[in-house]
Each structure stands twice: as C-alpha cells, then as structure tokens.
Amino acid sequence: MSDPDSAPADPTPPGAVVPLVRLSHVSKYYGAFRALDDVSMDIRRGEVVAVVGASGSGKSTLCRTVNRLETIQSGTIEIDGERLPEEGRELARLRADVGMVFQSFNLFPHRTVLDNITLAPIRVRGIDRAEAEVTAHRLLERVGLDDQAAKRPAQLSGGQAQRVAIARALAMDPKVMLFDEPTSALDPEMINEVLDVVKGLAADGMTMLVVTHEMGFARSVADRVVFMDAGRIVESGAPADFFSAPATERARDFLAKVLSH
Ligand code: ADP
Ligand code: MG
C-alpha cells in the first residue's frame, strides 16, 4: 500500500495540463503587515489575466512575487511546473523565463535603445552580439521603433520608452510577461500605443499578467480579471461577468469609483 505522506510533492495528475504560473497559498509580509494573504492563482499557457484593485491592494507585490523580486513567507510559486527556489542559479534561470515591465520603464539611461535590448541576452543568455542585435531590430520593428535604435532613453517619449522596455523584456524570450501598470506614467495620448503592443502580444498567444487601471483594455483583451482587495484575490472571472455583475460589495465599490466618469 502506498503511504500518502511519501506521495510526490507535485499533485498534478499525469496528462493534466500544467499551468505556466501557479501560486499556491502565497503570503507575503512587510514586517507585521500582510501584503499578500493566502493567494492562490494559476495562469494557463496563452492566458491573459488582468489584475485590478484599489491602490495598496497588493497588485505590485503580486507581480514582484511571481519572479521573486520579493521574498514570501509561506506558499509556493511554480513556473512551468518547476518550483521557484529561494535563490541561486536555478532562480536566475527560472526568473529569466519571466519578463517584467514596470510603470517607470527602468531603462539604462546611458545606453542606447539597442544596447538596452541586447545587454541581458548577451550577458545572461550568452547570445552573441550579432545575433542579439538582429533579434533586437526585429523586436523594435514589432513595437514600431526600429528607427530609434541608436537613441538614448532620454530622447524618447514615455510611450516610446515603454515600448522599448517591452522589447527588452521580449528579447529574453520569456515564457510569461508581467506588466505592472505599464501605462500609468504616460500622458493620455501615449496610452494606446503601448496597449496596442500588449494587445498584439495577446493575439500572438503570449501568456501575460497585466496590472492595469485601463478597464476598457481589461474588458477587451483579458481572458480573466482578478480583483484584489487587502492582499487577497477576492474575485476571479471572465471580464464580461466581472464588469457587468461583480459578486462582492468591494468590487462593486471599486468599479463605481473607476467607471464613474
Ligand atoms: P498596489 O500595487 O495594489 O497599489 P502594493 O503591492 O504596492 O499595492 O502594496 C500593497 C501594500 O503593501 C500597501 O499597503 C503598501 O503600502 C505595502 N507595501 C508595499 N511595498 C512595501 C514595502 N517595501 N515595505 C512596506 N510596505 C510595503
Ligand atoms: Mg502598484
């Protein structure tokens, strides 16, 4: 008879589809403050998940936790069926599978656009320069910026800088892309040029977690909307259901505030 205690740690039955990202009972504290409270979530391959919620609800912490920019106090995180270790070479390898785009671009200011995109593939992935540059030009073309390769970040508009940041993340050939409010720092007229790039990635089948305040975007592009409140996932469902019939008072309050004008 098999002993249940010696069963393999991976509960996924044979033949089942492994989610690309799996968070199980993740809790994260800043000191005594619980920023993530028992968060469990799967992201399927090719799925686009929009994360919405009030400021301070834990959306950025969730993003940063997925690639261990933040330590967690309990729970597990798996990328493509592999458990993320706390540190070391394996973490670096698995982290490279997760592309991240922040609100504030985070480009290297003294490097050209081309260098910003090729640095990590050359240093981390060990790709030779010529090949990295070919890929960078292809990615710049994809985000509509191939004519900007020689510029420095300060010479770009916010929308252009954010598109370079997306190209830079894609250059590592990630399995999943995380976006933390990628348009919040942009002037209104630049929001769509960035969202259109994210939409294009969705159409190409990229797996994505997108924290956003753009409800129209969440509604039209996401396969699923996750609503966070006080460090918990309070609702998770199809955009049409969430926006037309939120199940909780908290979500109704939130939507009344963000959709009121
Ligand atoms: P959101 O992105 O939804 O606005 P965050 O994930 O940034 O929320 O923050 C969630 C909560 O954790 C907030 O109350 C915030 O003040 C707190 N927090 C975030 N980062 C830190 C930190 N480095 N130290 C202490 N508290 C933090
Ligand atoms: Mg945030």
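What you see is a predicted model, and the numbers here were worked out from it, not measured in a lab.

Rules used in this analysis
Numbering of residues starts from 1 in each chain and follows the order in which that chain's sequence is written. Think of it this way: whatever chain is written first is A, whatever ligand is written first is 1, and the rest follow in order. Since the coordinates come from a predicted model, pLDDT governs what is reported: local features require at least 70, and pairs of side-chain atoms require 80 or more to be given and counted, while whole-chain, interface and lining totals use all residues. To get the side-chain values, all heavy atoms of the structure are used, and hydrogens and water are removed first. Segments assigned H or I by DSSP are reported as helices when at least four residues long, segments assigned E as strands when at least two residues long, and all are numbered from the N terminus. Note on definitions: a residue-residue contact is assigned when non-hydrogen atoms from the two residues lie within 4.5 Å. A fitted line through C-alpha atoms serves as each axis, taken over the contacting stretch for helices, and the angle formed by two N-to-C directions is quoted from 0 to 180°. An angle below 35 degrees is read as roughly parallel, one above 145 as roughly antiparallel, one from 65 to 115 as roughly perpendicular, and any other as oblique. Crossing handedness is defined as follows: a turn of the near helix away from the far one that is anticlockwise and smaller than a right angle gives a left-handed crossing, while the clockwise case is right-handed. Lys, Arg, Asp and Glu make up the charged group, whereas Ala, Val, Leu, Ile, Met, Phe, Trp, Tyr, Cys and Pro make up the nonpolar group; the residues left over, Gly among them, are polar. Burial classes follow relative accessibility: with a 1.4 Å probe on protein chains only, a residue under 20% of its type's maximum area counts as buried, one over 50% as exposed, and anything between as partly exposed. Paired strands are those between which DSSP finds at least two bridges. Any residue with a heavy atom lying within 4 Å of a molecule or strand is counted as near it. Nitrogen and oxygen atoms within 3.5 Å of one another constitute a polar contact, given that in protein one can donate a hydrogen and the other can accept it, and given that sequence-neighbouring residues count only through two side-chain atoms. Reported accessibility uses the Shrake-Rupley method at a 1.4 Å probe radius. Residues are deemed covered only where the shown protein chains occlude them. One confidence number per residue, pLDDT, is output by the predictor and ranges from 0 to 100. Every crossover in which the path from the first strand over the helix to the second runs clockwise, viewed with the strands pointing away from the viewer, is termed right-handed.

1. Things to note about the environment of threonine 76
In step 1: Its place among the elements puts threonine 76 in strand 4 (residues 74-79).
In step 2: Along the chain, threonine 76 and phenylalanine 108 lie 32 residues apart, while their C-alpha atoms are 32 Å from each other.
In step 3: When neighbours within four sequence positions are excluded, threonine 76 is seen to be in contact with Arg22, Leu23, Ser24, Val26 and Arg83.

2. Regarding the packing of helix 3 (residues 113-123) against helix 5 (residues 158-170)
In step 1: Across the interface, helix 3 lies against helix 5 with an axial gap of 8 Å and an inter-helix angle of 25 degrees. The angle between helix 3 and helix 5 falls in the class roughly parallel. Here the hand of the crossing between helix 3 and helix 5 comes out right-handed. On helix 5, the residues touching Val113, Asn116 and Ile117 of helix 3 are Val164, Ala167 and Arg168.
In step 2: For the contact of helix 3 with helix 5, the per-class residue count stands at four nonpolar, one polar and one charged.

3. A closer look at the pairing of strand 6 (residues 98-101)
Successive side chains on a regular strand alternate, one facing one side of the sheet and the next facing the other.
In step 1: Because side chains alternate across strand 6, one face comprises the buried residues Val98 and Met100, and the other comprises Gly99 and Val101, equally buried.
In step 2: Judged from the four bridges that link them, strand 6 and strand 7 (residues 176-180) form a sheet pairing that is parallel. Bridging from a neighbouring strand, valine 101 pairs with phenylalanine 179 of strand 7.

4. Re the site of ligand 1
In step 1: Contacts to ligand 1 come from Tyr30, Phe33, Ala35, Ala54, Ser55, Gly56, Ser57, Gly58, Lys59, Ser60 and Thr61.
In step 2: Between ligand 1 and glycine 58, the relevant distance is 3.0 Å, taken from an oxygen atom to a main-chain nitrogen or oxygen of the residue.
In step 3: Burial of ligand 1 by the protein chains amounts to 58% of its free accessible area of 560 Å².

5. Observations regarding the confidence of the model for the protein chain
Note: predicted coordinates in regions of low pLDDT should not be interpreted at a detailed level.
In step 1: Within the protein chain, residue pLDDT values average 92, and 94% of them lie at 70 or more.
In step 2: Taken as a whole, residues 1-8 scores under 50 in pLDDT and shows zero contacts with residues more than four places along the chain or in a different chain.

6. Regarding the pairing of strand 8 (residues 207-211)
In step 1: Burial analysis of strand 8 places five of its five residues in the buried class, the great majority of the element.
In step 2: Going residue by residue along strand 8, you find Thr207, Leu209 and Val211 tucked away on one face and Met208 and Val210 tucked away on the opposite face as well.
In step 3: Pairing of strand 3 (residues 48-53) with strand 8 involves four bridges; the strand directions are parallel. Bridge pairing links alanine 50 to valine 210 in strand 8.
In step 4: Bridging between strand 7 and strand 8 involves five bridges; their strand directions are parallel. Residue aspartate 180 lies in a different strand from strand 8, and its bridge partner there is valine 211.
In step 5: For the crossover from strand 7 across helix 6 (residues 188-203) to strand 8, the handedness is right-handed.

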